[in-house]
Amino acid sequence: LEDFVKLVTLHLSDIHFKSKEDVAYSYADSIARASIPRIRDADGVIVLVTGDIAYSGAREQYDVAEDFIETISSVVRR
């Protein structure tokens, strides 16, 4: 069993960001912290985002999503 790698996947779907005022945006830190007990012993973490990320595909909406994901990633890396 020593050759196995333990990976944890944090899967988010259909986040539909419009702006940083979206309620989901404020949950980035909470989502990451809720994952910490599961990832403590993991060799790696994959943050997987599927479905619609932006509400209408505007560049600014993807920027919001990128900030959201970066917040999660930075908390998980600690």
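Refer to the structure printed above.
Residues numbered from 1 in each chain as written. Predicted model: local features only at pLDDT ≥ 70, side-chain atom pairs only at ≥ 80, totals over all residues. Heavy atoms only, no water.

Enquirer: What should I look at first to understand helix 1 (residues 28-39) in this one?
Expert: Three or four residues apart is the spacing at which side chains of an α-helix point the same way, because the helix has 3.6 residues per turn. Across its 12 residues, helix 1 extends 16 Å between first and last C-alpha, which sits within 8% of the 16 Å expected from 1.5 Å per residue. Listed in full, the buried residues belonging to helix 1 are A28, A32, S35 and I39. Looking straight down helix 1, one finds that the buried residues subtend no more than 65 degrees of arc, so they occupy a single side. Of the exposed residues in helix 1, the ones pointing more than 90 degrees away from its buried face are A34 and P37. The elements touched by buried residues of helix 1 are strand 1 (7-13), strand 2 (44-50) and helix 2 (59-77). (Helix = DSSP H or I, 4+ residues; strand = E, 2+ residues; numbered from the N terminus. Expected span 1.5 Å × (residues − 1). Buried < 20%, exposed > 50% of the residue type's maximum accessible area, 1.4 Å probe, protein only. Arc of directions from axis to C-beta. Contact = heavy atoms within 4.5 Å.)

Enquirer: What am I meant to see in the nonpolar core here?
Expert: A general trend in soluble globular proteins is that nonpolar side chains are found buried together. With 15 residues, the main nonpolar core has I15, F17, F68 and I72 as its most contacted residues. Top element by residues in this core is helix 2. It accounts for six residues. Aside from chain neighbours lying at most four places away, what touches I72 is L10, L12, A28, I31, A32 and V47. (Core = buried A, V, L, I, M, F, W, Y, C linked by side-chain atoms within 4.5 Å.)

Enquirer: So what exactly am I meant to see when it comes to the pattern of salt bridges here?
Expert: Two side chains carrying opposite charge are able to pair once their charged atoms lie near each other. According to the stated counting rule, one finds three salt bridges in the structure shown. In this structure, K20 engages D67 in a salt bridge whose closest nitrogen and oxygen atoms are separated by 3.0 Å. Placement of K20 in the loop between strand 1 and helix 1 and of D67 in helix 2 is noted, with a sequence separation of 47 residues between them. We classify D67 as partly exposed; its relative accessible area is 30%. The partner of D29 in a salt bridge is R33, and the shortest N-O contact between them spans 2.8 Å. Here D29 and its partner R33 are both found in helix 1, four residues apart, which amounts to about one turn of the helix. (Salt bridge = Lys/Arg side-chain N within 4 Å of Asp/Glu carboxyl O.)

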